[in-house]
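Geometric and topological summary
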Amino acid sequence: MAEFINVRTVDGPMQCAVARPDGTPRGGIVIIQEAFGLTDHIVSVVDRMAGDGWLAVAPALYHRSRNATFDYEDLPPALEMMGTLNPTDMQVDVDAAFTVLEEAGFSEAQCGIVGFCMGGAISLRASTLRELGASVTYYGGGVTFGRFGLPALVDLAPDLKSPWLGLYGDLDHSIPVEGVEQLRARATTAQVPTELIRYADAGHGFNCDDRPDHYNAEASKDAWARMQAWFDQHIEVA
């Protein structure tokens, strides 16, 4: 089960959910939250990742606002909080999460990152700054227009330094398929392997089983398997 630790940042302590596998970790994975904060769902992803053999850590990106979390039915304040993020703070927090893995003895090549919703955009951006073993984006927004001070993902993608897998649903009303296809095309120009998978019957948040109106069991199962295969293929064995 995940435990909560405090990690030092220049802006004070940041809470992180951390889970360790029963045996020797295969490597380390940073997990980036949705717009709703470090929710029970994200903590469950941390646990699942540890169950698959990884040392997993999820930073609470809203730690500057007392680790705020929001109910899935209460979207406006979650979006307002998301709007307070900026590239400098995000980099500080992602770097702090990777410090947990580095202190456990893992190199960048032995680490990966995955992000969901807004975290999907943050994970892609982090993969333009670090030469990680692998990177995964679940339905990350800001595909053709930037959010929270970041460039659009289509503009970031050519600069990827880490092998990247994108997972998107065609029924995602906030991310048009045309933009996803632009992202696919731009990602192929990067100097690392990339792949983008679209799910015809899935919408935004299809991995979140805490949201019955968004969850798609078939897409979620397939995406998780593809993510683990991507990590297995590209992350250096610890």
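Above this note sits the structure.
So, a few notes on the structure that sits alongside this text. (Residues numbered from 1 in each chain as written. Predicted model: local features only at pLDDT ≥ 70, side-chain atom pairs only at ≥ 80, totals over all residues. Heavy atoms only, no water.)

To continue, consider empty space enclosed by the protein. Across all of its chains, the model carries one cavity of 30 Å³ or more by this definition. By volume, the largest cavity amounts to about 50 Å³. Around the largest cavity, the lining residues are Cys117, Met118, Ala121, Gly141, Gly142, Arg147, Phe148, Leu150, Pro151 and Leu153. Classifying every residue of the lining of the largest cavity gives seven nonpolar, two polar and one charged. (1 Å grid on protein atoms, 1.4 Å probe; cavity = no way out; pocket = protein on both sides within 12 Å on 5 of 7 lines; lining within 4 Å. Points joined across faces, edges and corners; volume = space filled by probe spheres on them. Nonpolar A, V, L, I, M, F, W, Y, C, P; charged D, E, K, R; others polar.)

Glancing now at the packing of helix α1 (residues 40-51) against helix α7 (residues 217-234). The interhelical angle for the contact between α1 and α7, taken along N-to-C directions, is 50 degrees, at an axis separation of 12 Å. On the basis of the axis angle, α1 is oblique to α7. Where α1 crosses over α7, the handedness of that crossing is right-handed. Side by side, α1 and α7 meet where Val45, Arg48 and Met49 of the first sit next to Trp224, Met227, Gln228 and Phe231 of the second. For the contact of α1 with α7, the residue count by class is five nonpolar, one polar and one charged. (Axes fitted to C-alpha atoms, helices over the stretch in contact; angles between N-to-C directions. Helix = DSSP H or I, 4+ residues; strand = E, 2+ residues; numbered from the N terminus. Parallel < 35°, antiparallel > 145°, perpendicular 65-115°, else oblique. Left-handed = near helix turned anticlockwise from the far one by under 90°. Contact = heavy atoms within 4.5 Å.)

Turning our eyes to something else, we now look at the state of the cysteines. On inspection of all chains with the given rule, the structure shows zero disulfides. Between Cys16, a cysteine without a disulfide, and Cys111, which holds the nearest cysteine sulfur, the sulfur-to-sulfur distance is 14 Å. Left without a disulfide partner, Cys117 is nearest to the cysteine sulfur of Cys208, which lies 9.8 Å away. Its relative accessible area of 13% is what places Cys117 among the buried residues. (Disulfide = S-S within 2.5 Å. Buried < 20%, exposed > 50% of the residue type's maximum accessible area, 1.4 Å probe, protein only.)

Scanning the model with the defined rule gives nine aromatic pairs in all. Seen from their ring centres, Phe36 and Tyr72 are 4.7 Å apart, and the 65 degrees between their planes marks the pair as edge-to-face. Within this pair, whereas Phe36 is found in the loop between β3 (28-32) and α1, its partner Tyr72 is found in the loop between β4 (55-59) and α2 (75-82), the two being separated by 36 residues in sequence. Phe36 gets classed as buried once you look at its relative accessible area, which sits at 4%. Taken together, the ring pairs in this structure connect Phe116, Tyr138, Tyr139, Tyr199 and Phe206 into an aromatic cluster. Taking the ring centre of Trp224 as reference, the NZ or CZ of Arg48 above it sits at 3.7 Å. (Phe/Tyr/Trp six-rings, centres within 6.5 Å; stacked < 30°, edge-to-face > 60°. Lys NZ or Arg CZ within 6 Å of the ring centre and 35° of its normal.)

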